[in-house]
Amino acid sequence: MDHFRLLSFGDHGWGDELLIGLGVTLALAICTLPFAIILSFLVHWAKVSRYRMLRSFGMLYTTVFKSLPEILTLLILYYQAQAIIGWLIQSVIPGAHFSISPFVAGMISLSLVISAYGSEVVRAALGAVGNGQFEAAQSLGLSPRIAFIKVILPQLWRHALPGFGNLWIILLKDTSLVSVIALSELTHVAGLAITTTRQPFVFYGLIAVIYVLLVTLSATAQKRLERRVNLGFTRTET
Amino acid sequence: MVSPPAISFEKLNKYYGKFHVLKDIDLEVAKGERIVVCGPSGSGKSTLIRCINRLETHQSGRLIVDQCEMNNTPSTVRRIRDRVGMCFQHFNLYPHLTALENCTLSLIYTRKMPPKEAKQRAMEYLARVRMDGFAQKYPSQLSGGQQQRVAIARSLCIQPEVMLFDEPTSALDPESISEVLDVMADLAIGGMTMICVTHEMGFARKVADRVVFMDAGEIVEIADPETFFTSPSHERSARFLQQIINH
Amino acid sequence: MFDLYLDYIDRWSHGLWLTASMSTLSVLIGFLVALPIGFVRSRAKGPLAWLAIAYVNLFRGMPLLVLMFLVYYGFGQFNSELRAMGLWWFFRDAYFCGMLALVLNTSAYQAEIIRGSLDTISTSVIETNAALNLTRWTAFRRVLLPIAFAKALPPLGNEYILMVKATSLLAIITVFDLMGEARTIFSETLDLGVYYVAAIHYLVLVLAIEWTLRRVEARFKWMA
C-alpha cells in the first residue's frame, strides 16, 4: 500500500525522520525531568523559607507558571532570552549573531512550568513523611543535610512517585508544543512530512498513536513501580 | 559537694505569636533526678521539654543544660542535643531502616564512629531494652511497645546525660504500656536524669523524685509524689487529680 | 507596553471573548459527554467498559496539539468524502474543529474525574444506604449524587482553568482567540511586549476564575 511506502526508511519514506523525531521528543523529556524535579524542591523550599521575599517569590512563581498557557511561556522565554543574550553578545562582539537552541528553550520553559506543579507534589510528599521523622533526626543530632539525604529522601520518593509520574506524562505530551519554535521533535517532523506528501491524516494519526503508546507505557510502568514500592509498607499501629 | 544542676530553667517564657504558652518557668533538675511533668492538655508540658533540645525556641529567660546556656548558635544547639536524648509519643522510628540501623545512623554520620563499633554499641543498648533479637526487623514488623523500646535504645546510643520522654506510652495499647514503663524504670534505677511527660500516675508514684504539675503554661506545684498524690497544696492540682483518678 | 494594548484594544477584546467563550463552552459540552463515560467507567463491565477505557486513554494519551492537527488538517484530507456526507461545513472551519478537539480532550479527563468521585465515596455511606433500605434511585439521587458532585467540583474547576490555557493552542490552527490575536499583532509589530500583554490577560482571567471557584467550592466542601 502507498501508505507503507510513505513510512518506510530510506530516501522515499519518512520512517527514519520520524524515528529521529521520536528520539528528540524522548531526549527533550528525559533531559527536562531532572531539572524540573530539582526546581520543584527549590521552589518548595522558597515557599516555606523564613525569608518573606523568598516566600513571596515562590508564590509568584507558582501562580504565574500555573496560570499562563505553556505555549505562551515558551514563546516569551524563547524570544526574550534571545533578545537578552543577543544584546549582551552585541555589546561585547558587535555584529555577532547568536540564537538559542530551541531544545534548550523548550527544556527551560517546560522545567519552569512543570516545577510550579512539582513544588506541590513535594509539599504533599513531605507532609506524608511527617514532621516527626525530621524531629527525631534533629534530636539525635543529625545535621539537616544528612537528615534529608538519609532519612527524609528515602521515604519521600515513595510518596512523590504518583505526582511526579503524572508530571512526566504531561511533560511527554508538552514536548509537542516545542514544535512551534521549530524543534525537530515528533510533531514537527510530522508537519514537515505533510507539506510534501499531503497526507495529514496518515502522519498525524500515526504520531497520535505513538504518543498514546508512550503515555500508556509510562502509566503502566508507573503503576507497577507504585505497587512494588508499596509492597512492604503495611499500616503500623500509631 | 553540690554538683551543678543538669537542667535549669530561669524565668523562661515562650509565645506562639500572641499566645503565651510558657509563663515564667523556674525549674532546676539535679543530676540523676527523675521528674514527671503532668497536667491537662494544652498546659505546655510537651512544649517545656521540647525547649530543652531546641525543638521549640523560647523568647525570654534562660535555659541551661549541663552548664551550657541554650541560644541560637548552631554549635551550641548541636552540643546540647548531643547530651539530650528524646523519646516521642509516636516513636518516630525510621521506617526504611532496621532497628539496628535506626540506632547506628546517628553514630556513624554524626559521631563518625566506625560501623563495627557503632554496631556493637547499638546491640548493647538493644539488649538493655531486650530488643537485641529484633535487630534486623523493620519498624513495620514490630508492635508499638517494641518500636518504642527500639526508640529508647536509639536515643541511649548517643549516651546522653538527660533523657526526655514526651508521652511515651500514650499511643500504645494497654499490654505494651507496661513493657515500656519497665524499661524506663530500669533506666531510672541506673541513675539516668529523666524528665517524663506522662499520664501514667502509677509510674510517677514509683519512679519519680518530684512531680511537676503544669496548667495553662505555668508551673502550679512541684512536690514529691507521695505529697502530690495524697495531699496536693493547690486547688487546680486537686481538681486535675480528681479527673484522672476517677477514670 | 500599554499602547500595545490600547492600539489594538478591539482585537484584544475579541480574542479575550473568544478564549473565555470557547473554554466555557468546551468544558460544559465536555461535561455532558463525560457523564455517561464516567458512569460506565465506574460501574459497567464488559465491552462497554472497554470502549470507555479506550476513549479515555486515547484522548488523554495524545497531546492536545496533535489532536487539533488531526481533526483540522487530518480530516481536511477527506474533504470530498465529507462533502458527500454533508459534513464539510463543520470540518473546514477551524473554530468547529478546534472545539471538537477541545471537547474530546476535556471529556476524557472529566470522565475520569467523575469516575473518581463516584468510586471514592466511602463504603460506609453505601452500607448505610443499604441498612436504611433506601431504593437504588433514592440512594443515588439523594445521597451519592450530591456527595459525588461535591467531590468532583474542585478537580472540575481545575479542568476549567486547564481549558482556558488549552484554548491558546487554537492559535496554531489559526483561530483568533487571545493567543491568536497576540501572534498576529506580534508578526505585525515584532514587539515582544505583545506577548506580555497576552500574559497579563491570561493571568487576570485565570485568577478571576480561580477566585470564583474557591468561593463556590467553599460552599460544597463539607459535603465531600
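Note that this is a predicted model, so its numbers are computed, not measured. (Residues numbered from 1 in each chain as written. Chains lettered and ligands numbered in written order. Predicted model: local features only at pLDDT ≥ 70, side-chain atom pairs only at ≥ 80, totals over all residues.)

Counting secondary structure elements, chain C contains 11 helices and zero strands. In terms of overall dimensions, chain C has a C-alpha envelope of 70 × 45 × 25 Å along the principal axes. Burial status across chain C gives 40% buried among its 224 residues. Across chain C, contacts joining residues at least 24 apart in sequence account for 77% of those joining residues at least 6 apart. (Helix = DSSP H or I, 4+ residues; strand = E, 2+ residues; numbered from the N terminus. Buried ≥ 20, exposed ≤ 12 C-beta atoms within 10 Å, placed from the backbone. Contact = placed C-beta atoms within 7 Å.)

Scanning chain A from N- to C-terminus turns up nine helices and zero strands. Start at the N end of chain A and walk to the C end: the helices and strands fall as α-α-α-α-α-α-α-α-α. A compact globule built from 238 residues should have a C-alpha radius of gyration of about 18 Å, whereas chain A, at 22 Å, is more than 25% larger. Projected onto its principal axes, the C-alpha positions of chain A cover 70 × 55 × 30 Å. With 238 residues in all, chain A has 38% of them scored as buried. A separation threshold of at least 6 residues defines the contact pool for chain A, and within that pool the share at least 24 residues apart is 70%. (Rg over C-alpha atoms; globule rule 2.2 N^0.38 Å.)

Take the interface of chain A and chain B next. Listed by partner, the interface residues are 19 residues for chain A and 21 residues for chain B. Residue assignment for the side of chain A that touches chain B shows that the elements contributing at least two residues are α6 (131–139) and α7 (144–174) of chain A. It is α6(A) that contributes the most residues to the side of chain A that touches chain B, six residues altogether.

Residue and element names in this part refer to chain A. With their axes 6 Å apart at the nearest point, helix α2 (residues 15–47) and helix α5 (residues 102–129) run at an angle of 45° to one another. On the basis of their axis angle, the class for α2 and α5 is oblique. Here the hand of the crossing between α2 and α5 comes out right-handed. On the side of α2, the interface is formed by L28, C31, T32, F35, A36, I37, L39, S40, F41, V43, H44 and K47, while α5 contributes F103, G106, M107, L110, S111, I114, S115, G118, S119, V121, V122 and R123. Here the residues of the contact of α2 with α5 are counted per class, giving 14 nonpolar, eight polar and two charged. (Axes fitted to C-alpha atoms, helices over the stretch in contact; angles between N-to-C directions. Parallel < 35°, antiparallel > 145°, perpendicular 65-115°, else oblique. Left-handed = near helix turned anticlockwise from the far one by under 90°. Nonpolar A, V, L, I, M, F, W, Y, C, P; charged D, E, K, R; others polar.)

This part is about the sheet that holds strand β4 (residues 60–65) of chain B. All names here are of chain B. One open sheet holds the four strands; their spatial order is β2-β1-β4-β5, and the pairing between them is antiparallel. The open sheet is flanked by β2 (19–29) and β5 (68–69), the only strands paired with a single partner. Of the strand pairs in this sheet, strand β1 (residues 7–16) and β2 are connected by seven bridges, and their pairing is antiparallel. Looking at the pairing, L12 lines up with I25 of β2. (Pairing = 2+ DSSP bridges.)

Glancing now at the arrangement of the chains. The structure contains two pairs of chains in contact, of which chains A and C account for the largest number of contacts. No part of chain B reaches chain C; the closest C-alpha pair between them is 26 Å apart.

Attention now moves to the interface of chain C and chain A. The partner chain A presents 28 residues to the 28 residues of chain C that form the contact. Elements with a minimum of two residues in the side of chain C that touches chain A: α3 (47–61), α4 (64–76) and α11 (193–220) of chain C. Tallying contributions element by element places α4(C) first for the side of chain C that touches chain A, with nine residues. Split into classes, the residues belonging to the side of chain C that touches chain A amount to 21 nonpolar, six polar and one charged.

Moving on: the pairing of strand β10 (residues 218–223) of chain B. Two elements, strand β9 (residues 210–215) of chain B and β10(B), share five bridges in a ladder whose sense is antiparallel. For B:V211, the partnering residue across the bridge sits in β10(B) and is B:A223.

Grouped together as the largest cluster of nonpolar side chains are 113 residues, with contacts concentrated most on C:V66, C:L67 and C:A198. With 12 residues, helix α7 (residues 94–119) of chain C is the single largest residue contributor to this core. Discounting chain neighbours no more than four positions away, the residues touching C:A198 are A:L72, C:L178, C:M179 and C:A182. Counting 80 residues, the second-largest nonpolar core is a separate cluster that includes A:V151, B:I35, B:L63 and B:L172. (Core = buried A, V, L, I, M, F, W, Y, C linked by C-beta atoms within 7 Å.)

Our focus in this paragraph is unusual backbone geometry. Despite not being glycine, A:R198 shows a phi value in the positive range, around 55°. Position of A:R198 among the secondary structure elements: in the loop between α8 (186–197) and α9 (200–229). Of note in this structure, B:A216 is not a glycine but carries a positive phi near 50°. On the secondary structure map, B:A216 appears in the loop between β9 and β10.

This part takes up α7(A). Residues and elements named next belong to chain A. With 31 residues, α7 should cover 45 Å at 1.5 Å per step; its first-to-last C-alpha distance of 36 Å lies more than 12% under that length. Where α7 bends most, at I152, the angle is about 50°, and the proline P154 comes one to four residues later. If you check which residues of α7 are buried, you get A147, V151, A160, F164, L167, W168, L171, L172, K173 and D174. Each element contacted by the buried residues of α7 is listed here: α2, α4 (70–92), α5, α6 and α9. (Expected span 1.5 Å × (residues − 1). Bend = angle between axes of the 7 residues up to and from the residue.)

Residue and element names in this part refer to chain B. Where β1 lies against β4, five bridges are found, and the strand directions are antiparallel. Considered in β4, the bridge of N13 is made with S60. Pairing of β4 with β5 involves two bridges; the strand directions are antiparallel. Residue I64 lies in a different strand from β5, and its bridge partner there is E69.

Residue and element names in this part refer to chain C. On average, residues of chain C score 89 in pLDDT, and 100% of them reach the 70 mark or higher. Helix α8 (residues 123–131) is the least confidently modelled element of chain C, averaging 79 in pLDDT, while α3 averages 94, the highest of any element. Predicted complex, confidence summary: ipTM 0.88, pTM 0.82. (pLDDT = per-residue confidence, 0-100.)

Bringing the confidence of the model for chain A into the picture now. Residue and element names in this part refer to chain A. Residue-level pLDDT values for chain A average 88, and 91% of them are 70 or greater. Predicted confidence in chain A is weakest over helix α1 (residues 2–6), with a mean pLDDT of 67, and strongest over helix α3 (residues 52–67), with 95. Here residues 234–238 is a poorly scored stretch, pLDDT under 50, and it has six contacts once near neighbours within four places are set aside; other chains count.

Between α4(A) and α11(C), whose axes approach to 10 Å, the crossing angle comes to 150°. Judged by the angle between their axes, α4(A) and α11(C) are roughly antiparallel. Two packed elements cross with a definite hand, and for α4(A) against α11(C) that hand is left-handed. Taken together, the residues of α11(C) that come into contact with α4(A) (itself represented by A:L72, A:L75 and A:I76) are C:Y195, C:A198, C:A199 and C:Y202.

The strands making up a sheet associate through backbone hydrogen bonding, with each pair oriented either parallel or antiparallel. Residues and elements named next belong to chain B. Strand order in this open sheet of six strands is β6-β7-β8-β3-β9-β10, and the pairing throughout is mixed. Each edge of the sheet is formed by a strand with only one pairing partner; in this case those strands are β6 (84–87) and β10. Along the sheet, successive strands turn relative to each other by an average axial angle of 20°, direction set aside. Lying on the sheet, helix α5 (residues 144–157) is in contact with β6 and β7 (162–166); it crosses β6 at an angle near 170°.

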